[in-house]
Structure formats: structure tokens, C-alpha cells
Amino acid sequence: MRRRLIVVFLVPLVAILVALGGAAGWSAARSVQQAFYTQQLGDLGYFATSARQALRSGSPAVMDAEVRRFQEVYGIEVTVFDLGGSVWAAGDHDGAVLGDEDAERVKLALSGRRAEQPTTDVPWGVADAALAEPVFDDGDVIGAVLVSADAEAPRTAILQQLLLFAAIVLVLTALGVLLVFRLARWVLSPVGRLDEAMVAIERGEMDARVAEDAGPPELRRMAQVFNGMADQIERVMTRQQEFALNASHELRNPLNALLLRVEHLATGLGPEWRDDIEETREEGRRMTRILETLLGLARGGRGDSTISAVDLAALAARRLDAWRDVAAGRGIELRSTGDASVMSSTDRTIVESALDAVIDNAVKYSPDGGWIEIGARRDGGTCRLTVRDRGPGLTDEQAAAATDRFWRSADTGDIPGSGLGLAIATDLLATVGGELAVAAADGGGLVVELVLRDRTPR
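The present account deals with the structure reproduced in this document. (Residues numbered from 1 in each chain as written. Predicted model: local features only at pLDDT ≥ 70, side-chain atom pairs only at ≥ 80, totals over all residues. Heavy atoms only, no water.)

### Topic: the sheet that holds strand S3 (residues 131-137)
The pairing of strands in a sheet happens through backbone hydrogen bonds and is either parallel or antiparallel.
Moving on, step 1. The antiparallel open sheet is built from 4 strands, whose spatial order is S2-S1-S4-S3. The open sheet has two edge strands with one neighbour each: strand S2 (87-89) and S3. The mean inter-strand angle of the sheet, taken between neighbouring strand axes irrespective of direction, is 35 degrees.
Moving on, step 2. Relative to strand S4 (residues 140-148), strand S1 (residues 77-82) runs antiparallel, the two sharing 6 bridges. Each bridged residue has a counterpart across the sheet, and for Glu77 the counterpart in S4 is Ser148.
Moving on, step 3. Against the sheet, helix H2 (residues 61-74) contacts S1 and S2, and its axis sits at roughly 155 degrees relative to S1.
Moving on, step 4. Against the sheet, helix H3 (residues 100-110) engages S1, S3 and S4, with an angle of about 150 degrees to S4. (Pairing = 2+ DSSP bridges. Helix = DSSP H or I, 4+ residues; strand = E, 2+ residues; numbered from the N terminus. Axes fitted to C-alpha atoms, helices over the stretch in contact; angles between N-to-C directions. Contact = heavy atoms within 4.5 Å.)

### Some remarks on the environment of Glu72
Moving on, step 1. Inspection of the secondary structure assignment puts Glu72 in helix H2.
Moving on, step 2. You can call Glu72 exposed: its relative accessible area is 54%.
Moving on, step 3. In the structure, Glu72 is positioned 19 residues away from Gly91 in sequence and 9.9 Å away in space, judged by C-alpha atoms. (Buried < 20%, exposed > 50% of the residue type's maximum accessible area, 1.4 Å probe, protein only.)

### Quick notes on the sheet that holds strand S9 (residues 382-388)
Moving on, step 1. Taken in spatial order, the 5 strands line up as S6-S8-S9-S11-S10 in an open sheet, and their pairing is mixed. Of all the strands in the sheet, just strand S6 (333-338) and strand S10 (435-440) have a single pairing partner and so form its edges. Neighbour to neighbour, the strand axes of the sheet diverge by 15 degrees on average, direction disregarded.
Moving on, step 2. Across 6 bridges, the pairing between S6 and strand S8 (residues 371-379) is parallel. Bridge assignment links Thr337 to a residue of S8, and that residue is Gly375.
Moving on, step 3. Packing against the sheet, helix H7 (residues 312-328) makes contact with S6, S8, S9 and strand S11 (446-453), and its axis sits at approximately 170 degrees to S6.
Moving on, step 4. Against the sheet, helix H10 (residues 421-430) makes contact with S10 and S11, and its axis sits at roughly 140 degrees relative to S10, the strand it touches most.

### Notes on helix H8 (residues 348-365)
Moving on, step 1. Spanning 18 residues, H8 covers 26 Å between terminal C-alpha atoms, matching the ideal 26 Å at 1.5 Å per step.
Moving on, step 2. Among the 18 residues of H8, 15 are classified as buried, and the element is accordingly described as predominantly covered.
Moving on, step 3. Regarding H8, its N-cap is Asp347, as a side-chain oxygen of that residue lies 3.0 Å from the backbone nitrogen of Thr349 further along. (Expected span 1.5 Å × (residues − 1). Polar contact = N/O pair within 3.5 Å; in protein donor to acceptor, adjacent residues only side chain to side chain.)

### Describing the pattern of salt bridges
Moving on, step 1. Overall, the coordinates contain 16 salt bridges when judged by the stated rule.
Moving on, step 2. Residue Asp137 is joined to Arg56 by a salt bridge in which the shortest nitrogen-to-oxygen separation is 3.8 Å. Note that Asp137 is positioned in strand S3 and Arg56 in helix H1 (residues 2-57), a separation of 81 residues in sequence.
Moving on, step 3. Asp137 sits in the buried class, given a relative accessible area of 18%. (Salt bridge = Lys/Arg side-chain N within 4 Å of Asp/Glu carboxyl O.)

### A short note on the nonpolar core
Moving on, step 1. Counting 39 residues, the largest nonpolar core has Leu312 and Leu436 as the members making the most contacts within it.
Moving on, step 2. Contributing elements (two or more residues each) for this core: H7, H8, S8, S9, H10, S10 and S11.
Moving on, step 3. Take this core: its biggest share by element is 9 residues, from H8.
Moving on, step 4. Not counting the four nearest positions on each side in its chain, Leu436 is found in contact with Val358, Thr403, Leu422, Ala425, Thr426, Leu429, Val448, Glu449 and Leu450.
Moving on, step 5. Counting 21 residues, the second largest nonpolar core, distinct from the first, contains Phe36, Phe47, Val80 and Ala89. (Core = buried A, V, L, I, M, F, W, Y, C linked by side-chain atoms within 4.5 Å.)

### Quick word on the environment of Gln160
Moving on, step 1. Counting through the fold element by element, Gln160 comes out in helix H4 (residues 152-202).
Moving on, step 2. By relative accessible area, Gln160 is classed as exposed at 53%.
Moving on, step 3. Between the C-alpha atom of Gln160 and that of Ala29, which follows or precedes it by 131 residues, the distance is 9.6 Å.

Following this line, the structure appears as C-alpha cells:
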């Protein structure tokens, strides 16, 4: 964003400065050029007047002295020609030696053609051109004057002007760059602090806030709104943590008491109750692990997953046995499918809780006398726990919305439920890097997959 902001401001600024500097340099160069040629034409007109008097008097001495003095003072060579084209007055320089272009100019002047200002292709170019002017007397040409000025001085002046304007443009561009960078930092620094605060809150630092006294007024308002939102989120999170902490803590004592009663009852039952007692103990231990996870979540703001090697096929088989009696109450048969062993590195308690939520949903919506298939399989680097039922099923659109909180199909009728089961399973799996996939099954019913990907070593 900083780069785009700098480009948006800097490119037009540099373009405007370069255009203004170029226009100013062009105008200054043209001014120097015009002044040089105007001065040259003025000198030519002056000597044409003086030469007329000298030619009429027939005495070149005065003219030679004036030409010589003018050359000494200004460094400009002046040559006066008579009507025949011969040098009549030239001061100290050899006016008889002329180039082809100067000779042509003198010839045109003796024919009565007046001098014209030279033209150049570029305003900063000054040609070393001589100018020739006819000398008239009562309308007749009696001679010509040739003025040859050195163009080095105007060229130097033009170069100085161009360098001056180039330096001004560079200084203004540097100031513009500095201004744009400071402007970008002033505008974007609140955005950067806002991003850092959001990252900190995402890490669980709920007290992260943004300074509200920096940046443009619009961003200050955004910082105020963000801080208010963060305060509200912190209050909600605190209440949720307090509720989870209190609820899980209050449930531990009744659960421990229940387990003690189970142990007490076990002493008075015969061997035929051994399997049932062991299943009850296992369910109690599982509930204890769930409460410990809930307590950790309440204390730390997020759960600390206990990652270990888990046989998902064995886990599915145990949960199938745990739900068998509940399903049998409605005549629903639970079937085991998939591979015999599927090993994965994950959190056993979280996966069990998510699978229970999915099985509960399948039992709830399966018709009486139906069947549910539960199993695990490996697909490359992905492990899948699958629950397949023969219920009413869902359309593709409904399946996409099934994991939303409190969502229930309009076809559920009087079946009790809150619409939270699959949403809770989705949230649980997300804590271990998994996801929940819901799709309509071929032949009717619903297929829900708990997808767990192999963890990459760090």
C-alpha cells in the first residue's frame, strides 16, 4: 500500500515539476537567443548608417577606426564593402577572406536584400551566423555591412539558465519525494499500528489497543471505533471464559461423585456386569478429559491440544459401541466400515467430541429401523472419519449451510435440536487443523466426514 500511495503522489508531482522546469528553461533559452539576435541586428543597423556617411564622403579612415574600436570592446567583427564587393573598411581583421556563406550574404545585401534573423531548430541553439545589411543612399545601394558575432557567450548564458532550472527541478523533486514519504508515513502509520493490534488480538492479547492521536482524522476515527470494538470483544470473551470456567468447575464435583458411586456399585454387582461397568468408567474418564480441556480453554483463552498417536479406526469402533444402545432404542443399526487401523497424530478428546456430535446428529435424523455406517479410512496424507446415515438428506445448498450455527433444515419438523451439533464439530476440528465435510449421499441420506490431515514436522 505504501508503494502504491507513493507512486500515486510522486509520479504526477515529478511530471508537473519536469514540465514546469522544461517550459521555464525553454522560455529562458528563447529569451537569450532573441536578445542575441536583436543585439546583432541593432549593431548591423548602426553600422549601416555610419557606413552610408563614410561611403558618401569617400574616406574609410573614420570607419576603420570605429570598426577597430568596436571589435576591441565587444569582440564583434564588422566589415564594410563597397558597391563592387571589395572590402572598404575592416579594422584590424582580414575582411577579404570570406567563407562561401558569408560571401553569399554579402552578394545578396549588395543586391538590395535586407538581413533576416536566423532560425534554429531548438531554442537553446545559437548559430555562428553572420548578418549582412545593404547600405542605401537615396534608395540606391552603395555598399554593404557584414557583422560577425561570436555565439559562445549566449550559448554559455543558455547553458547556465538550463542548469539553473535543472537544479531547481531536482531540488523541488527531492523536497517532493521527502514530502510524499512523510505524507505516506503519516497516513499509513495508523494503519500499520492497527494491523499490529489485530495480529496481537488474534494471538490472544486482548488488551492490545491503537493510539488515537496520530494520522488523518478519518483514521483517528477508525482507531477509536477499533478500540471500542476491541473493548467489547474483550468483555464478551471475559464473560465467556468466566462462564466456561464456572460451568466446568461446577461439573467436576458431580462427575467425581458419580464416578465414586459407580465404583461403589461395582463392588456389589456380579461378573456379568463387568463390561458395562468398564464402559461406564471409560465414559466418565472421557467426560473428565472434556472438562479438563474446557477448563484449559477457559483459563488460557484457547485450548492446548494434547497431540498423540491415535488409531481413528479403534476410536470410531469405541464410539460406535457407546452409541449402540441409544440407536437400538429406535431400532437403528450401527455398522462398522472402513479400514481396520488408521493412525493419525491428533487430539483424541477433540476428535471424540466432534465424532459424538456427528453421530448424535445422524441418530437424531435417521428413520426408525434404519442403519448408520461409521468408520475410518486413509486417503494418502489425509485421514477421514465417516458417518453415513439414511436420513432425509440435504441438497447441495443446504449441505453447505449445515455447519452454520443454529441452522436447521425446514424439513426437520418436530425433531428436537438447536442447530449447533455440526457447528460445534467444525469448531473443534479447526483447533487441530481439521475440517468437517457435509455432502448428500448416493441413494439418499447424508455423509459427514471428519477430515484430519497429517501434520508436517516443523
